[in-house]
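Fold and contact review
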Amino acid sequence: MTTKTYYQPRSLDEALSLLAQHGPALLVIAGGTLAMPLINEGVSMPEQAMGLRRAGLNLVHRADGHLTIGATATLTQMAEQQEIPLLAEAAHSIGGWAIRNMGTVGGNLFAPPPAGDLAAALLALDATVTLADRGGRRTLPLSEFFTGFMMNVLRPGELVVGFDVPIPTGKTAFLRYGRKQANTPAIVTVAAHLVMAGQTVKQARIALNAVGPHPLRARNAEAALAGRKLDEVSIGAAAVAATEECEPFTDAIATEWYRRKMVGVYVRRALEQIA
Ligand SMILES: Cc1cc2nc3c(=O)[nH]c(=O)nc-3n(C[C@H](O)[C@H](O)[C@H](O)COP(=O)(O)OP(=O)(O)OC[C@H]3O[C@@H](n4cnc5c(N)ncnc54)[C@H](O)[C@@H]3O)c2cc1C
């Protein structure tokens with residue numbers, strides 16, 4: 001290992017000052033589940049690293065119909081959010097206990113596909129993400145955070161500081177399909193949140209993971225449901241739309257063709273579960 005200096009800031013201000021001082025040469029580490037293996041294997045060789053675990057960013061707080069989540073809240077903390085099953089189920093589906101105990105919510109945004117299952121749940125819940133640098137904070141819809149494969153809107157000097165999730169008022173479903181039951185990368189993940197007015201879908205949110213360059217909203221599938229009765233016809237239309245709009249890839253786990261096929265199957269199943 002080449003790392004010579006390891007900083008452990010005790011506040012967000014201190015962390016942002018260190019980042020401003022050292023720039024991109026300072027590797028940010030939250031839980032370390034992605035960063036540490038790369039360092040240990042010599043793939044990443046930062047001379048300086050900064051651990052965020054003591055910067056006071058791990059609070060999870062519920063008030064006024066919203067859940068506020070600090071960026072370094074762990075996946076285990078999310079798995080404990082039983083009042084928001086979509087979050088709890090998504091977090092519980094990720095890795096094993098060790099990964100969930102160390103891995104953070106903020107870190108999940110930076111995990112290469114097919115990871116990003118928690119981010120998909122946050123997208124379906126209309127979460128916002130707050131970014132900060134020494135100049136101030138900005139909050140944006142999480143759907144605007146990702147810009148491409150391992151690319152996002154984070155500027156040099158900025159950190160992800162937290163998330164705001166409106167407590168869902170509708171029905172949700174989380175389905176994750178992999179080659180094994182647990183501790184396995186996803187072939188497709190579907191997170192759905194439907195707000196109903198009687199039999200009619202008032203608002204639909206469908207997010208997909210492992211079938212694109214990053215976790216994404218299936219907006220055409222959402223449009224196929226909004227204002228319609230939730231029945232076989234609208235569910236079928238949403239499943240077809242999601243199949244067409246996803247951007248799957250081939251890797252060691254599944255082919256692009258199979259991933260796309262499974263998007264249709266799992267979007268349908270998620271919506272049928274809600275229906
Ligand atoms: C064995 C294993 C199994 C896994 N299985 C799954 C799975 O099934 N589904 C899934 O979705 N994910 C899975 N993951 C990925 C896991 O979710 C991520 O490893 C975890 O969420 C990353 O969080 P972390 O805090 O450990 O990131 P770290 O390793 O600490 O950080 C990685 C990088 O993210 C950036 N970063 C992190 N936090 C911030 C921040 N607050 N501000 C700015 N930049 C930041 C930094 O550039 C940092 O170097 C798995 C990982 C492993 C190792």
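Structure shown above.
Bear in mind the structure is a predicted one, so any value in this text is a computation, not a measurement. (Residues numbered from 1 in each chain as written. Predicted model: local features only at pLDDT ≥ 70, side-chain atom pairs only at ≥ 80, totals over all residues. Heavy atoms only, no water.)

**Re the packing of helix α9 (residues 232-245) against helix α10 (residues 256-274)**
- Orientation of α9 relative to α10, taken along the N-to-C sense of each, is 145°, at an axis distance of 8 Å. In this structure, α9 crosses over α10, and the sense of that crossing is right-handed. Across the interface between the two elements, I235, G236, A238, A239, A242, T243 and E244 from α9 touch R260, V263, G264, V267, R268, L271 and E272 from α10.
- Of the residues in the contact of α9 with α10, the class split is seven nonpolar, three polar and four charged. (Axes fitted to C-alpha atoms, helices over the stretch in contact; angles between N-to-C directions. Helix = DSSP H or I, 4+ residues; strand = E, 2+ residues; numbered from the N terminus. Left-handed = near helix turned anticlockwise from the far one by under 90°. Contact = heavy atoms within 4.5 Å. Nonpolar A, V, L, I, M, F, W, Y, C, P; charged D, E, K, R; others polar.)

**Here we look at the site of the ligand**
- Taken together, 28 residues form the shell around the ligand, and within it A30, G31, T33, T104 and R176 come nearest.
- Residue R176 places a side-chain N or O atom 2.6 Å away from an oxygen atom belonging to the ligand.
- Expressed as a share of its isolated accessible area of 960 Å², the protein-covered part of the ligand is 84%.
- Residue assignment for the shell around the ligand shows that the elements contributing at least two residues are β2 (26-29), α6 (105-108) and β10 (159-166).
- For the shell around the ligand, the element with the most residues is β2, which contributes three residues.
- Grouping the constituent residues of the shell around the ligand by class yields 16 nonpolar, 10 polar and two charged.
- Three or more residues apiece are contributed to the shell around the ligand by two domains, here domain 1 (5-51) and domain 2 (60-166). (Near = heavy atom within 4 Å. Polar contact = N/O pair within 3.5 Å; in protein donor to acceptor, adjacent residues only side chain to side chain. Areas by Shrake-Rupley, 256 points an atom, 1.4 Å probe, with all protein chains shown as cover. Domains from an automatic or database assignment.)

**Details of the sheet that holds β2**
- Sheet architecture is open: three strands sit in the order β1-β3-β2, paired in parallel fashion. One side of each edge strand has no neighbouring strand; the edge strands of this open sheet are β1 (5-7) and β2. Averaged over all neighbouring strand pairs, the angle between strand axes comes to 25°, with direction disregarded.
- For β1 and strand β3 (residues 48-51), the ladder comprises three bridges, and the chain directions are parallel. What sits directly across from T5, in β3, is Q48. (Pairing = 2+ DSSP bridges.)

Keep in mind these values describe shape, not function.
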